[in-house]
Amino acid sequence: MKPRVRFAPSPTGFLHIGGARTALFNWLFARHTGGTFILRIEDTDMARHNPQAVDVILDGLRWLGLHWDEGPLSSDPQGPSKGEFGPYFQSQRLHIYQRRVEELLKRGHAYEHEGAVKFKMPREPIPVHDLVVGTVVRELTDREAEDPDFVIMRSDGRPVFHLTNVVDDLEMQITHVIRGEDHLSNTPKHIALFRALGAEPPKYAHIPLILNPDGSKMSKRDQGAVLSAYIDAGYLPEAVVNYLCLLGWSPKDNREKMRIDEVIERFELSQVLRHNARFDMAKLQWLNYEYMRELSDEKFYELGARALARAGFDMQRYPAEYIKAALATCKGKVKVFSELAQYGGFYFTDEFEYDPDAAAKLFVPENKPRIARLREAFSRAEPFDATTLEAVLKSVAAELGVKPAVLVHPTRLACTGKTAGPSLYHLLEVLGRQKVLERLDRALARM
């Protein structure tokens, strides 16, 4: 039987980066082995159920490119999208859990207790033979040794995680359970439930946790912990997937930038690292920068314009050719698309502030006649392109007996509000004569 794996998140309103990495490792294992990747939403707590929270999970997985392979086509409350399967919802499978509880009661593996149903846990420790961690035998605490039994069905009839998890893995014929190491302590209970139901448990692989750079456990409030933050910031999904692959898995040649088809070909559970992975934002940004540099000009334009619109710029005011020319001067200069607003936003608004320290240094009386002379020269420059403007500026500098930098820095500040950014002469060409002259006039009024 080919491997069957699953990702089973709870709809909590966000998709944690650790959950995304768990989904990715399951998906990679399925793709590497020719197996099946299943998505299952653990939504039996109806008081917390929120359809929008489910959408967050589905949209996050789609953005990462982690498409699941089977599920209901018509019973999904959200409805399948673009011909894909809907995920399985545990809230639609309550009758299955009830049937399995009755089976456990009948077999004598469970009993009623104060209106609830408890599972009779074996009294001896249960070894876990884990594909990543190795064999683990967890000794029972004194309290557990005295009463290791646990609730599988609450008094209100709602099934508990341990039961639903095992029953679904059994019903869906899951062969490998790949999940975070924080679930390792649950596994003896799950193994016992499988055996009580007359089935052999799947193989388990508990992958290392993702930690903050300081070694603390990453919570949803920490930087980089929630997948939607990367979507909103304009990261490329290819870069995020590439980086997540490196959090707990390592190819033998220590390569870092790898196409997903290469990772699929090489992914083995035996190469999943035993130690916890520390999140490195700088490495993720480096990877994203490398992927952004490789984008076609058309794709960079599409994603860049979208990022600027999200940042509040009215992109409808500008011709496509102007936007493309502006973004061409930014390509290879920013690590994520969210940086475009700061780096090149001056192209799309005249309402920008000057860097105050730079203005105090550059917008001074002695520079006023110099910039006025440059403005005059720019007004007559033909053609108004980067090559001509560079020659004009250097000619004016020579005429005034100053280095070109004396004119370059205040001109850049006047036209962009900042002291760094795209190539000066190219950004002047993109802005065009009228806008450059207007911005020089505005700066001259400040000197």
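Residues numbered from 1 in each chain as written. Predicted model: local features only at pLDDT ≥ 70, side-chain atom pairs only at ≥ 80, totals over all residues. Heavy atoms only, no water.

(A) Just the packing of helix 16 (residues 386–400) against helix 17 (residues 404–416), in detail. The contact between helix 16 and helix 17 brings their axes to 8 Å, and the two run at 125°. As the angle between them shows, helix 16 and helix 17 are arranged oblique. Crossing of helix 16 over helix 17 shows right-handed handedness. For the pair formed by helix 16 and helix 17, the contact residues are Leu393, Lys394, Val396, Ala397 and Leu400 on the first element and Pro404, Leu407 and Val408 on the second. Looking at side-chain class alone, the contact of helix 16 with helix 17 contains 7 nonpolar, no polar and 1 charged residues. (Axes fitted to C-alpha atoms, helices over the stretch in contact; angles between N-to-C directions. Helix = DSSP H or I, 4+ residues; strand = E, 2+ residues; numbered from the N terminus. Parallel < 35°, antiparallel > 145°, perpendicular 65-115°, else oblique. Left-handed = near helix turned anticlockwise from the far one by under 90°. Contact = heavy atoms within 4.5 Å. Nonpolar A, V, L, I, M, F, W, Y, C, P; charged D, E, K, R; others polar.)

(B) Up close: the sheet that holds strand 2 (residues 36–41). Spatially, 3 strands are ordered 1-2-3 in an open sheet, and the strand pairing comes out parallel. This sheet does not close on itself; its edge strands, each paired only once, are strand 1 (4–7) and strand 3 (88–89). As paired elements, strand 1 and strand 2 share 4 bridges and run parallel to each other. From the neighbouring strand, Arg4 faces strand 2, where its bridge partner is Thr36. Set on the sheet, helix 1 (residues 17–33) makes contact with strand 1 and strand 2; between it and strand 1 the angle comes to about 165°. Against the sheet, helix 2 (residues 51–64) engages strand 1, strand 2 and strand 3, with an angle of about 160° to strand 2. (Pairing = 2+ DSSP bridges.)

(C) Here's a closer look at the nonpolar core. In terms of nonpolar packing, the biggest core is built from 117 residues, with Phe279, Tyr347, Phe348 and Phe378 touching the most fellow members. Sorting elements by how many residues they give to this core places helix 1 first, with 9 residues. Ile38, Val101, Ile152 and Leu193 belong to the second-largest nonpolar core, a separate cluster that totals 31 residues. (Core = buried A, V, L, I, M, F, W, Y, C linked by side-chain atoms within 4.5 Å. Buried < 20%, exposed > 50% of the residue type's maximum accessible area, 1.4 Å probe, protein only.)

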